[in-house]
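One-letter residues, chain by chain:
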Amino acid sequence: MNKIVLFLVVLLCTMEIACTAVNENYDSLKFDSEDYSIDTLIMNNSDTIIYKAYKNIYYVTNVEDSNYQYLNIYVPENVKLRESILLRTYVGGYMATKAYDPSPNDATGRALKEGFVVCIPGSRGWNSVIESDGKKIYTGRAPAGILDLKAAVRYLRFNDMLIPGNSERIITDGTSAGGAMSSLLGSSGNSPIFKSFLKEMGAADVSDGVFASICYCPIVDLEHSDISYEWLYSVTNKTVRGLNKDQLKVSNELAAMFGDYLNSLNLVAPWGEKLNSRNYYEYLKGYIIESANRAMRQGVELPADIGLLVGNGKVLDVDMGKYLSYVAKSRPLKTPPAFDAIGVVDGNRPTPENLLFGDASGSFVNFTEYASMKRGNDLSSDIQAKVAMMNPMFHLLFPADRASHWYIRHGSRDRDTGFSVPINLATKLSNVGCSVNFSLAWNRGHEGDYDLDDLFAWIANLP
Ligand code: DHB
């Protein structure tokens with residue numbers, strides 16, 4: 001990590017110097033409380049929610065991509081003044097997203113019903129593109145997406161007195177790559193790494209720290225995700241997964257790197273035990289057992305043939321070979337490398353992550369040491385810096401205005417990233433002093449905004 005830190009310091013210094021004169025007039029960011037339409041949302045139980053919709057508001061003064069750099073704000077008729085604001089991002093696949101309207105099927109509708117202000121920002125992503133002088137410019141390569149969301153947070157704070165919610169109680173929410181974005185908002189408040197970028201964009205010059213973060217199946221720690229994935233799933237290589245010889249070799253090489261990586265994290269279990277490559281497997285199994293037990297207590301019937309050892313009405317242990325085969329049969333696994341795939345094994349296509357770290361020309365690139373080495377390339381400091389900026393695990397190594405409260409869920413049969421990824425995020429957050437409500441959600445796949453009663457009870461109990 002030291003090497004990366006050094007790169008970043010150098011990069012930051014260059015950026016500060018290169019930072020061109022910026023527009024310091026933020027008048028255009030002032031919220032117009034009269035510019036709204038009245039709209040309604042019909043909930044699934046037929047309840048009608050009436051709200052004011054403030055739409056298509058640019059959150060930076062230097063808009064580069066007007067398709068995405070704007071937000072919508074929704075204020076329900078029964079708004080609780082000076083209460084939490086739900087900032088829900090619909091980022092998926094690290095792609096660009098519009099600012100959608102609230103939905104009765106996710107946390108946005110529920111938040112309105114509970115009287116919270118809802119903010120839905122659009123943001124750039126790897127596929128956002130504009131044309132300039134007949135040339136295509138990809139506007140959303142890393143770290144653009146997180147910069148946009150930070151600018152949206154700043155917009156809310158900049159207009160705190162004009163918007164009925166309390167910008168000191170912003171709760172971020174997203175799923176998958178959106179869960180990653182939510183975790184970045186929560187872990188990197190006011191990080192100096194983003195400062196000059198935000199200035200150049202014309203984001204309001206106020207704090208971008210948030211109060212709480214909700215992360216469903218966050219696809220984070222991208223530079224270690226291939227290692228984590230193979231360490232976990234290689235037990236299924238010769239059974240369900242059916243890898244070819246090249247893939248098997250890659251899988252074995254990556255899996256072998258996990259122990260050192262895990263040890264480097266210096267994680268501590270909630271009961272104070274230091275985690276290392278010897279006790280970590282049991283730690284991870286504990287989350288699966290706990291998840292199954294919670295389901296059992298709720299009366300869910302657990303399948304007999306997925307490796308759970310049940311006795312005295314409780315799940316006592318899990319046979320991981322069987323359990324992971326069940327996960328892999330539920331949805332085919334990614335092939336190795338699961339994330340930094342391009343160029344490593346013949347036939348691999350660029351992944352969203354290969355595209356995320358490419359540049360404005362639309363390129364796709366390797367972003368791990370392993371894949372770069374396989375292709376005989378050096379991993380540039382520029383790409384390393386972008387990878388670090390997109391990783392909450394990196395931000396947690398430094399002081400920041402972090403969200404104090406976290407709600408993290410990952411489905412018990414979600415195979416989009418290895419279970420160790422959300423587990424390590426939750427563990428590290430709690431090790432640095434955050435309050436974390438984390439579990440593997442039984443029988444959930446790659447999805448989000450479920451168990452809304454549980455989520456909103458958690459929100460209601462925040463201090
Ligand atoms: C998402 C899913 C993935 O498997 C991935 O690698 C990145 C993002 C998503 O659903 O957002």
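Heads up: the structure comes first, above all this text.
Residues numbered from 1 in each chain as written. Predicted model: local features only at pLDDT ≥ 70, side-chain atom pairs only at ≥ 80, totals over all residues. Heavy atoms only, no water.

Novice: Would you explain the pairing of strand 10 (residues 308-311) in this entry?
Specialist: A regular strand places its side chains on the two faces of the sheet in alternate fashion. Sheet topology places strand 10 next to strand 11 (residues 314-318); 4 bridges connect them, and they run antiparallel. Pairing of V310 across the sheet is with V315, part of strand 11. In sequence, strand 10 turns back onto strand 11 through a hairpin of 2 residues, with N312 there showing a positive phi of about 50 degrees. (Pairing = 2+ DSSP bridges. Helix = DSSP H or I, 4+ residues; strand = E, 2+ residues; numbered from the N terminus.)

Novice: Any chance you could explain the site of the ligand here in plain terms?
Specialist: Taken together, the neighbourhood of the ligand is formed by G92, G93, S176, A177, I219, K334, F339, E353, D416 and H446. At 2.5 Å from an oxygen atom of the ligand is found a main-chain nitrogen or oxygen belonging to G93. With the chains in place, 85% of the 290 Å² that the ligand exposes on its own is no longer accessible. Among the residues making up the shell around the ligand, the classes are represented as 3 nonpolar, 4 polar and 3 charged. (Near = heavy atom within 4 Å. Polar contact = N/O pair within 3.5 Å; in protein donor to acceptor, adjacent residues only side chain to side chain. Areas by Shrake-Rupley, 256 points an atom, 1.4 Å probe, with all protein chains shown as cover. Nonpolar A, V, L, I, M, F, W, Y, C, P; charged D, E, K, R; others polar.)

Novice: In this structure, what is going on with unusual backbone geometry? I would like to understand it.
Specialist: The bulk of non-glycine residues show a negative phi, and the bulk of peptide bonds are trans. A cis amide bond links A142 to the next residue, P143, at an omega of 5 degrees. For P143, the location among the structural elements is in the loop between strand 7 (135-138) and helix 3 (144-158). P337 follows P336 through a cis peptide bond whose omega is -10 degrees. Relative to the elements of secondary structure, P337 occurs in the loop between helix 11 (320-330) and helix 12 (352-356).

Novice: Explanation requested: helix 10 (residues 280-297) in the structure shown.
Specialist: An α-helical turn contains 3.6 residues, so any two residues separated by three or four positions project in the same direction. Its 18 residues place the ends of helix 10 26 Å apart at the C-alpha level, agreeing with the 26 Å of an ideal helix rising 1.5 Å per residue. Taken as a whole, helix 10 has its buried residues at Y280, Y283, L284, K285, Y287, I288, I289, S291, A292, N293 and A295. Once helix 10 finishes, G299 follows within two positions and takes phi at roughly 90 degrees, a positive value. (Expected span 1.5 Å × (residues − 1). Buried < 20%, exposed > 50% of the residue type's maximum accessible area, 1.4 Å probe, protein only.)

Novice: Which parts of the structure should I look at to understand empty space enclosed by the protein?
Specialist: Empty space left among the atoms is revealed by rolling a probe the size of a water molecule over them. In this structure the tally under the stated criterion is 2 cavities of 30 Å³ or more. Of the volumes computed, that of the largest cavity is approximately 40 Å³. Every residue along the wall of the largest cavity is listed here: V91, Y94, M95, R124, G125, G140, G145, I146, M181, L356 and M390. When grouped by side-chain class, the residues that make up the lining of the largest cavity number 7 nonpolar, 3 polar and 1 charged. Computed from the structure, the second largest cavity encloses a volume of approximately 30 Å³. Its residues placed into classes, the lining of the second largest cavity shows 7 nonpolar, 1 polar and no charged. (1 Å grid on protein atoms, 1.4 Å probe; cavity = no way out; pocket = protein on both sides within 12 Å on 5 of 7 lines; lining within 4 Å. Points joined across faces, edges and corners; volume = space filled by probe spheres on them.)

Novice: I keep staring at the pattern of salt bridges and nothing clicks. Help me out?
Specialist: Close approach of charged atoms allows side chains with opposite charge to pair. Overall, the coordinates contain 26 salt bridges when judged by the stated rule. Note that D173 is salt-bridged to R88, the shortest N-O span being 3.3 Å. With a gap of 85 residues between them, D173 in strand 8 (residues 170-175) and R88 in strand 4 (residues 85-88) connect regions that are remote in the sequence. Linked through salt bridges whose partners overlap, the residues forming this network are R88, D106, D173 and D449. (Salt bridge = Lys/Arg side-chain N within 4 Å of Asp/Glu carboxyl O.)

Novice: Would you mind showing me how to read the layout of surface pockets here?
Specialist: Empty space within the second largest pocket amounts to approximately 400 Å³. Taken together, 23 residues form the lining of the second largest pocket, with R124, P143, A144, L147 and F197 sitting closest to its centre. Those elements giving two or more residues to the lining of the second largest pocket turn out to be helix 1 (2-18), helix 3, helix 5 (192-201) and helix 14 (381-389). If you tally residues by element for the lining of the second largest pocket, the top one is helix 14, at 4 residues. Here the lining of the second largest pocket is composed, by residue class, of 12 nonpolar, 4 polar and 7 charged.

Novice: Sorry if this is basic, but what is going on with the state of the cysteines here?
Specialist: Summed over the entire model, instances satisfying the criterion amount to 0 disulfides. In this structure C215 is a free cysteine whose sulfur lies 10.0 Å from that of C217, the closest cysteine sulfur available. Of all cysteine sulfurs in the structure, the one in C215 sits closest to C434, which takes part in no disulfide; the separation is 11 Å. Judged by relative accessible area, C434 falls into the buried class, the value being 10%. (Disulfide = S-S within 2.5 Å.)

Novice: Which parts of the structure should I look at to understand helix 9 (residues 258-265)?
Specialist: Within the span of helix 9, buried status applies to F258, G259, Y261, L262 and L265. Buried residues along helix 9 cover an arc of 165 degrees about the axis, so they all sit on one side. Against the buried residues of helix 9 lie helix 6 (222-233), helix 8 (245-255), helix 10, helix 15 (392-395) and helix 16 (420-431). Immediately beyond the C-terminal end of helix 9, within one or two residues, lies N266, with a positive phi of roughly 50 degrees. (Arc of directions from axis to C-beta. Contact = heavy atoms within 4.5 Å.)

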